[in-house]
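Residues per chain are reported as follows:
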Amino acid sequence: GAVVSQHPSWVICKSGTSVKIECRSLDFQATTMFWYRQFPKQSLMLMATSNEGSKATYEQGVEKDKFLINHASLTLSTLTVTSAHPEDSSFYICSAALLEAGWYGGYTFGSGTRLTVV
Amino acid sequence: ELKVEQNPLFLSMQEGKNYTIYCNYSTTSDRLYWYRQDPGKSLESLFVLLSNGAVKQEGRLMASLDTKARLSTLHITAAVHDLSATYFCAVDSFSGGSNYKLTFGKGTLLTVNP
């Protein structure tokens, strides 16, 4: 089945630094990738949608200058949290989908990244 | 804006009992997904429901979709401790261009007690 690799699994960084998270589709080409944030005991909230070679579309309330998304190829998307602060500490999850015949066959999720900003 | 409501949000069950989790959504959609999440982990896909009347079963879990009522159910039969997890439903909707996106319910924290 479709596999999405997300790296790193966890990261601790100092306040004010930047952190990059990678999301790779290993055995399929993802036309679209999604980035979610999940706070403890809460649901997943979509942050942005990115298509290969295009600028990401951010959900309302998500700062695009703070959460930089790059989708340079059909198998790789990155999320960079710039100038991280403790309130950015969260579980970040990516997912990937292949658009075929006008819709996605399904969404494949990465294993998530636990970000702690100290 | 699409709203997805799950209930109950918390469910404590005894082993061997049956129960149903409900997922209501506010706008038309033909595609609904159920996921399981264990603590500290990402999502595990359980079911993809693609049309009205769809019913899928895997082990002690059975999911159904009624697109006219905008309702999906996840039925648990003879619960066992290993089913303890958080269950999410998510509804697919058009988001612009050629994109779709998932909107998640708040999740149901299921605890199965001996």
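All chains use their own residue numbering, which begins from 1 and follows the written sequence. Lettering of chains starts at A and numbering of ligands starts at 1, both following the order in which they are written. Owing to the predicted nature of the model, reporting of local features is limited to residues with pLDDT of at least 70; listing and counting of side-chain atom pairs is limited to 80 or more, with chain, interface and lining totals taken over all residues. Only hydrogens and water are removed before side-chain values are computed, so all heavy atoms of the structure are retained for them.

For the rest of this paragraph, the subject is the state of the cysteines. Structurally, a disulfide amounts to a covalent bond that connects the sulfur atoms of two cysteines. Residue and element names in this part refer to chain A. Throughout, disulfides are identified as pairs of cysteine sulfur atoms within 2.5 Å of each other. Per the counting criterion, the structure on display carries two disulfides over all chains. The disulfide that involves Cys23 links it to Cys94, with 2.0 Å between the sulfurs. Across the S-S bond linking Cys23 and Cys94, the dihedral sits near 80 degrees, which makes this disulfide right-handed. Taken together, the residues Cys23 in strand E3 (residues 19-25) and Cys94 in strand E9 (residues 90-97) connect sequence positions 71 residues apart. In this structure, Cys23 and Cys94 share a single accessibility class: buried. A disulfide-free cysteine, Cys13 has its sulfur positioned 18 Å from the sulfur of Cys94, the nearest such atom. Numbering of helices and strands runs from the N terminus, with a helix taken as a DSSP run of H or I at least four residues long and a strand as a DSSP run of E at least two residues long. Summary of the burial criterion: residues with accessible area below 20% of their type's maximum are buried, those above 50% are exposed, and those between are partly exposed, where the area comes from a 1.4 Å probe applied to protein chains only.

Counted as salt bridges are all cases of a side-chain nitrogen of Lys or Arg within 4 Å of a carboxyl oxygen of Asp or Glu. According to the stated counting rule, one finds five salt bridges over all chains in the structure shown. One salt bridge in this structure joins Lys101(B) and Glu59(A), with 3.0 Å as the shortest N-O distance. Residue Lys101(B) is located in strand E10 (residues 99-104), and its partner Glu59(A) is located in the loop between strand E6 (57-58) and strand E7 (67-73); the two belong to separate chains. Using a relative accessible area of 21% as the deciding quantity, one classes Glu59(A) as partly exposed.

Residues and elements named next belong to chain A. Here we have four strands laid out as an open sheet, ordered E1-E3-E8-E7, and antiparallel in their pairing. Sheet topology places strand E1 (4-7) and E7 at the edges, where each strand pairs with a single neighbour. Taking each pair of neighbouring strands and ignoring which way they run, the sheet shows an average axis angle of 15 degrees. Strand pairing requires that DSSP identify at least two bridges connecting the strands. Note on method: axes are straight lines fitted to C-alpha atoms, helices fitted across the in-contact stretch only, with angles between N-to-C directions ranging 0 to 180 degrees.

By convention here, two paired aromatic rings are described through the distance between centres and the angle between planes. Ring geometry is summarised as follows: Phe, Tyr and Trp rings, the Trp one being its six-membered ring, pair when their centres sit within 6.5 Å, and such pairs are stacked at plane angles under 30 degrees, edge-to-face over 60 and tilted between the two. In the structure shown here, the tally under the stated rule is eleven aromatic pairs over all chains. Taking 5.2 Å as the distance between ring centres and 80 degrees as the angle between the ring planes, the aromatic pair formed by Phe109(A) and Tyr35(B) counts as edge-to-face. One end of the pair, Phe109(A), is in strand E12 (residues 108-109); the other, Tyr35(B), is in strand E4 (residues 32-37), on a second chain. Tyr35(B) carries the same exposure label as Phe109(A), and that label is buried. An aromatic cluster of at least three residues, connected via ring pairs, comprises Phe34(A), Tyr36(A), Tyr107(A), Phe109(A), Tyr33(B), Tyr35(B), Phe88(B) and Phe104(B). As a reminder, the over-ring test applies to NZ of lysine and CZ of arginine, requiring each to be within 6 Å of the ring centre and within 35 degrees of the ring normal. Positioned above the aromatic ring of Tyr100(B), the side-chain terminus of Arg31(B) is 4.9 Å from the ring centre.

Attention now moves to unusual backbone geometry. For the peptide bond that leads from His7(A) to Pro8(A), omega is 0 degrees, which places it in the cis range. With respect to the helices and strands, Pro8(A) occurs in the loop between E1 and strand E2 (10-13). The linkage connecting Asn7(B) with the following residue, Pro8(B), adopts the cis geometry, with an omega of 0 degrees. Checked against the element boundaries, Pro8(B) lands in the loop between strand E1 (4-7) and strand E2 (10-14).

A word on the sheet that holds E1(B). All names here are of chain B. Read across the sheet, five strands follow the order E1-E3-E8-E7-E6 without closing on themselves; strand pairing throughout is antiparallel. Edge positions in the sheet fall to E1 and strand E6 (55-58), since each has one partner strand and no second. Going from strand to strand, the sheet's axes swing by 15 degrees on average, the running direction of each strand aside. In terms of strand pairing, E6 meets strand E7 (residues 61-66) through four bridges, oriented antiparallel. Among the inter-strand pairings, Val55 is bridged to a residue of E7, identified as Ser64.

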